[in-house]
Amino acid sequence: MHSNWRDCQEWRSEGLPLSTTSNEACKMYDATLAQLLGFYNDSSVGGMQKSADKMVEADPNFIMGQTWSCLLKRYSGQLTWRDAEFQTNVDDLVKRAETAEITGRERKHVNAAKLFADGYSIEACLAWEKILVDYPTDALAVKLAHDTYLDLGYQRQMRDSVARVLPYWKTTKPLYGYLLGMYSFGLVETDLYAPAETMARKGLEMNKQDIWSSHALVHVLEMTARYEEGIKFLNSTRNDWTTCDALAYHNFWHWALYYLEKGDFDGALGIYDAELGCKSEQGVKLHDAASLLARLEMEGINVGDRWDDVYEYCRPIIDSHVRCFTDIHMLMACHGAKQKELGQNLMESIRDYIRNTKGSNRDITQSGLPVFEAFEAYNDEDYGRAVDIIHPIRYDLVKLGGSNAQRDVFNMFLIHAALRAPGRYYQNLARQLILEREALRQKTPLIDQLMAKTVTAHMD
């Protein structure tokens, strides 16, 4: 882990000067950046939020310190359109940056942060890419673009953004190894599994605690149907990637998916209870918790009252609309907890959001409305309608964001809706969708169980 934080002179010598005379502010900038890239909280600086606070305390006029405050609020789910105080803070930052003696690069970061905070994620990515044309070793711009491309489902952009700048980085440069994990993830999301695996293992050779490299390798093993190998890898390296507390829960989710494909539903539930649900150390993690419970229920597993905790997590943030992908998982939670009224309130809130706001995030939510309608139909046991809605747009769902593994819940949703829908057409479709899955992932116990259901449905 990088811990020799860089001071003012060191940042200047790297061609990335920071407009502050405070060495402490520069060092806390570096500390916050390292933790963001590494998905961990460094206790020596009090964690990522504390190091960001220390950055501003060391120099209250440090524009990039104030920019970090804006970025971390946005990462936590804040958006200016629904938070007047945040809107004021962002507007004040932009005004200060206009007259402050800062570099052009820093000014571009401020403008990109405003776009990001205002819900213009696509435009923010374009702004970060412009920074990288002139400053390809700006790790903050690399990371922000990478994460946001993932949220947008921009897979090729996520891959190519790192590929363009990686040759400019010396292997000895601080934080270099994290780019290998990012590039590996872009490769796996564009189905380039062999080079993705090579790059992920190279990243882990440099830093065995690099969870993004671990995570990319986990994706490779899942997409190439190497489930036993995936379980062994996660188990043998657990002490390494669990040091990265800001993402470790997600690797556990992948662990549970391996169990699902093996047909070991008790194993998947065990992972949920220990690492993803309310009783876990970090509490409910919405995307992973909702997706796993939904997939288990599709397979006929009784998950008991586990949905109630996910619902309670969602209830106070039902109007947040940070991402369409998140809102879909909130709807899953409402349905799972049998909270139909809140589900209806969520749908109305989404429609209000589409009517009354602007930005690329809003546009993505509008394009995702049919997915919400399909889940509503499924919940009402109108399975044929659920299929009719989602089947024609299944290849467009990448626009909702998330990884291929995360969006696989929509593939399983379509299969199970088709299995439950009456009529030979839907049964034939279900069988073909399962055969398609088998061709991509090989035969697994889960696929065998799904295929057996097509026989049962045909007999009925």
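Here's a quick rundown of the structure. (Residues numbered from 1 in each chain as written. Predicted model: local features only at pLDDT ≥ 70, side-chain atom pairs only at ≥ 80, totals over all residues. Heavy atoms only, no water.)

With that out of the way, let us pick up the overall build of the protein chain. Looking only at helices and strands, the protein chain has 26 helices and zero strands in total. Radius of gyration (C-alpha) of the protein chain: 23 Å, near the 23 Å computed for a compact globule of 460 residues. Here the C-alpha coordinates of the protein chain stretch approximately 75 × 50 × 40 Å along the principal axes. A buried classification covers 59% of the 460 residues belonging to the protein chain. (Helix = DSSP H or I, 4+ residues; strand = E, 2+ residues; numbered from the N terminus. Rg over C-alpha atoms; globule rule 2.2 N^0.38 Å. Buried < 20%, exposed > 50% of the residue type's maximum accessible area, 1.4 Å probe, protein only.)

Glancing now at the side chain of threonine 237. One can find threonine 237 in the loop between helix 13 (227-236) and helix 14 (238-241). Of the polar contacts made by the side chain of threonine 237, one reaches the backbone oxygen of phenylalanine 233; its length is 2.7 Å. (Polar contact = N/O pair within 3.5 Å; in protein donor to acceptor, adjacent residues only side chain to side chain.)

Within this structure, the stated rule accounts for 35 salt bridges. Of the charged contacts in the structure, one is a salt bridge between aspartate 352 and arginine 355, with a shortest N-O distance of 2.1 Å. With aspartate 352 and arginine 355 both in helix 20 (residues 340-356) and three residues apart, the pair spans about one turn of that helix. On the basis of relative accessibility, which here comes to 30%, the residue aspartate 352 falls in the partly exposed class. (Salt bridge = Lys/Arg side-chain N within 4 Å of Asp/Glu carboxyl O.)

With phi around 60 degrees, phenylalanine 39 is a residue other than glycine that occupies positive phi space. Tracing the backbone shows phenylalanine 39 in the loop between helix 2 (23-38) and helix 3 (48-58). The class of phenylalanine 39 is buried, set by a relative accessible area of 13%. Of note in the backbone geometry, histidine 321 takes a positive phi value of approximately 50 degrees without being a glycine. Of note, histidine 321 is situated in the loop between helix 18 (306-314) and helix 19 (324-336).

Looking now at helix 21 (residues 360-367). Restricting attention to buried positions, one finds in helix 21 the residues Ser360, Asn361, Arg362, Ile364 and Thr365. In this structure, the buried residues of helix 21 make contact with helix 4 (63-75), helix 7 (121-134), helix 8 (139-152), helix 19, helix 20 and helix 22 (369-379). (Contact = heavy atoms within 4.5 Å.)

This paragraph deals with the packing of aromatic side chains. Tallied over the full model, the rule gives 19 aromatic pairs. Centroid distance tyrosine 75 to phenylalanine 116: 6.1 Å. Interplanar angle 70 degrees. Geometry classified as edge-to-face. With tyrosine 75 in helix 4 and phenylalanine 116 in helix 6 (residues 104-117), the pair connects residues that are 41 residues apart, well separated along the chain. Judged by relative accessible area, tyrosine 75 falls into the partly exposed class, the value being 32%. Relative to phenylalanine 410, the ring of phenylalanine 375 lies with its centre 6.2 Å away and its plane at 80 degrees, an arrangement referred to as edge-to-face. Of this pair, phenylalanine 375 sits in helix 22 while phenylalanine 410 sits in helix 24 (residues 404-420), and the two are 35 residues apart along the sequence. For phenylalanine 375, a relative accessible area of 6% translates into the label buried. Residue classification places phenylalanine 410 among the buried residues on the basis of a relative accessible area of 2%. Each member of the aromatic cluster is reached from another via a ring pair, and the members are Phe325, Phe375, Tyr378, Tyr383, Phe410 and Phe413. A cation sits over an aromatic face here: arginine 394 above tyrosine 395, 4.7 Å from the ring centre. (Phe/Tyr/Trp six-rings, centres within 6.5 Å; stacked < 30°, edge-to-face > 60°. Lys NZ or Arg CZ within 6 Å of the ring centre and 35° of its normal.)

A few words on the packing of helix 8 against helix 10 (residues 176-189). Remark: helix 8 packs on helix 10, axes separated minimally by 11 Å, with the N-to-C direction vectors making an angle of 25 degrees. One finds that helix 8 runs roughly parallel with respect to helix 10. Crossing of helix 8 over helix 10 shows left-handed handedness. Across from Val142, Lys143, His146 and Leu150 in helix 8, the residues of helix 10 making contact are Leu179, Met182 and Phe185. Residue composition of the contact of helix 8 with helix 10, by class: five nonpolar, one polar and one charged. (Axes fitted to C-alpha atoms, helices over the stretch in contact; angles between N-to-C directions. Parallel < 35°, antiparallel > 145°, perpendicular 65-115°, else oblique. Left-handed = near helix turned anticlockwise from the far one by under 90°. Nonpolar A, V, L, I, M, F, W, Y, C, P; charged D, E, K, R; others polar.)

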